Each structure stands twice: as structure tokens, then as C-alpha cells.
Amino acid sequence: MHALVAFFDDEADKKVRDLQRRIGARHEYPPHLTYAVASTIGPKVRKELREDLERLWMPDLYLHSLSTFSTVDNVLMLAAVVDTELLAVHSAIHDVLASNVKNPSAYYLPGNWVPHCTLVQGVDDSAVKAAFAAVFPVEPIRAKVREVSIVDTQTGEIDVLKKASTAPR
């Protein structure tokens, strides 16, 4: 699987990792927000994404709400505040991906996407409740985007598409 993700600046990364440590969560990748997932995001699409991302300013992310996905794979997360800038970037990304990737995950498509940073996943109900109690209340985290990358979840390879914006904040 390939995931298109935004990794956070050092301060936000540290804050999320501190929360993850408090609940005993371990992650293979740094804290991030996922824009899209597909079985394959090939070289041609990556080239087009790089070009489009160069024209976009990546807005700061406000990880504001401690929440859960109660599914087969329980998730405790920090949900991001959804604003027009975030949705515009998400939409631009999916305009490039549309019909150009194999097996896109419906969870990340426009209209279905819940932007978030995972704290813990794949644990039972009691572990989600305990993790929630261990970190509640959570101070909101302002995360600046350090880079946008494709993560290959099989090999662990990270292909950087765009480094942080130098636009004034």
C-alpha cells in the first residue's frame, strides 16, 4: 500500500509522540496526517503530484479533537479542524489521483475523509477507553507541515514529494 501523508514540524511531532508514549503506543512512522491511500501510487502520478504540490501552500493543521473510530480496527486519534484550506489541498491531491491509482481507499476520498493523526490503533475496546482516559484532556496541537511524502507500507520507503512551504505564515 502507498499512503500520501503530511509529516509534522519538530514541535508538533514531539507533542504527538509524547501522547503516544503516555498510552504505550508504538508506530512504525512519525506522526502524520494521511491524505490518500491506494495499493499503488506510481512514478507518473508522483511526478504530477510533485508539480501540483509545488503550486500549493500547505496549511497548518490544528489537531484539536480527541476522538475514536469504532471499527474492526479501533483507533484513538486527534482529529484535525477541517477548514477550506485543508479541503482545498485534499481536493487538489485527489484531482491528480483520480483514475490514476490502483485501489484507492474509500476512507480517504473527498466526502468520506476524516483528517486525523492516529495515537493508537488495532487495540480492543477497553484499551481504547484506557488510552482516552490517560490523555484526556488534550491540549490542541498546531502542526506545521514539514513535508508531504508517499509512504510504502510494505517496504518502509518514504518518497518526499514536497518539503515545507516557505510561504509566510
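The model shown is predicted, which means the values in this text are computed figures rather than measured ones. (Residues numbered from 1 in each chain as written. Predicted model: local features only at pLDDT ≥ 70, side-chain atom pairs only at ≥ 80, totals over all residues. Heavy atoms only, no water.)

Asker: How would you explain the packing of helix α2 (residues 43–55) against helix α3 (residues 84–97) if you had to name every residue and give the values?
Answerer: Across the interface, α2 lies against α3 with an axial gap of 9 Å and an inter-helix angle of 150°. What the angle tells us is that α2 and α3 run roughly antiparallel. Here α2 runs over α3; the crossing is right-handed. Across the interface between the two elements, Val45, Glu48, Leu49, Asp52 and Leu53 from α2 touch Ala92, Ile93, Val96 and Leu97 from α3. The residue makeup of the contact of α2 with α3, split by class, is seven nonpolar, no polar and two charged. (Axes fitted to C-alpha atoms, helices over the stretch in contact; angles between N-to-C directions. Helix = DSSP H or I, 4+ residues; strand = E, 2+ residues; numbered from the N terminus. Parallel < 35°, antiparallel > 145°, perpendicular 65-115°, else oblique. Left-handed = near helix turned anticlockwise from the far one by under 90°. Contact = heavy atoms within 4.5 Å. Nonpolar A, V, L, I, M, F, W, Y, C, P; charged D, E, K, R; others polar.)

Asker: Quick one: what's the story with the environment of Ser126, residue by residue and with numbers?
Answerer: If you trace the backbone, Ser126 turns up in helix α4 (residues 125–135). Separated by 123 residues in sequence, Ser126 and Ala3 have C-alpha atoms that sit 29 Å apart.

Spatial relationships are all this shows, so hold off on functional conclusions.
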